[in-house]
Amino acid sequence: MNKNKKIYLYCLYICTVVINVSTLLGGIKHHETWRIVVGSISLALIIIAIGLTVLGYKRNKVTQFPD
């Protein structure tokens, strides 16, 4: 995977985390249980996806070509 695709993937993860945190905080502010549950479940799944992605990149280290 080239460097640009990694950057786009990390930007997508960050945007999704921001949306999930705002949903969670909005649910807490308005005392809506369903928003709290949806926000926390989706936030947990995204954090797991980020962890697995980083772990996959560490296991499959892409070495640079020799000179």
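Here, every reference points to the structure presented above.
Residues numbered from 1 in each chain as written. Predicted model: local features only at pLDDT ≥ 70, side-chain atom pairs only at ≥ 80, totals over all residues. Heavy atoms only, no water.

(A) The overall build of the protein, seen in detail. Secondary structure assignment for the protein yields two helices and zero strands. Looking at the protein as a whole, 13% of its 67 residues qualify as buried. Total accessible area on the protein is roughly 5700 Å²; 69% of this is exposed by carbon and sulfur atoms. (Helix = DSSP H or I, 4+ residues; strand = E, 2+ residues; numbered from the N terminus. Buried < 20%, exposed > 50% of the residue type's maximum accessible area, 1.4 Å probe, protein only. Areas by Shrake-Rupley, 256 points an atom, 1.4 Å probe, with all protein chains shown as cover.)

(B) Structural detail: the side chain of Thr53. Considering the arrangement of structural elements, one finds Thr53 in helix 2 (residues 33-59). Excluding residues that lie within four positions of it along the chain, Thr53 makes contacts with Leu9 and Tyr13. (Contact = heavy atoms within 4.5 Å.)

(C) Representation of the environment of Ile14 within the structure. As for its placement among the helices and strands, Ile14 is situated in helix 1 (residues 3-30). By relative accessible area, Ile14 is classed as exposed at 55%. In sequence terms Ile14 and Ile50 are 36 residues apart; their C-alpha atoms lie 9.5 Å from each other.

(D) Seen up close, unusual backbone geometry. In this model, His31 sits at a positive phi of 55°, which is unusual for a non-glycine residue. Along the chain, the position of His31 falls in the loop between helix 1 and helix 2.

(E) Examining the side chain of Asn20 more closely. Mapping Asn20 onto the fold places it in helix 1. A residue is classified by how much of its surface remains accessible, and Asn20, at 9% relative accessible area, is buried.

(F) Up close: the environment of Tyr57. Along the chain, Tyr57 turns up in helix 2. The class of Tyr57 is partly exposed, set by a relative accessible area of 22%. A sequence separation of 51 residues divides Tyr57 from Lys6, and the C-alpha atoms of the two residues are 9.8 Å apart.

(G) Layout of a nonpolar patch on the surface. Taken together, the side chains of Val37, Ile41, Leu45, Ile48, Leu52 and Leu55 make up a nonpolar region of the molecular surface, amounting to roughly 570 Å² of accessible area. In this structure, Ile41 sits in helix 2. Exposure remark for Ile41: the relative accessible area of 48% places this residue in the partly exposed category. (Patch = residues over 30% accessible without salt bridge, like charges linked within 9 Å, V, L, I, M, F, W, Y side chains within 5 Å. Salt bridge = Lys/Arg side-chain N within 4 Å of Asp/Glu carboxyl O.)

(H) Just helix 2, in detail. For helix 2, with 27 residues, the first-to-last C-alpha span of 39 Å sits near the 39 Å given by 1.5 Å per residue. For helix 2, the complete set of buried residues consists of Gly39, Leu43, Ile46 and Thr53. (Expected span 1.5 Å × (residues − 1).)

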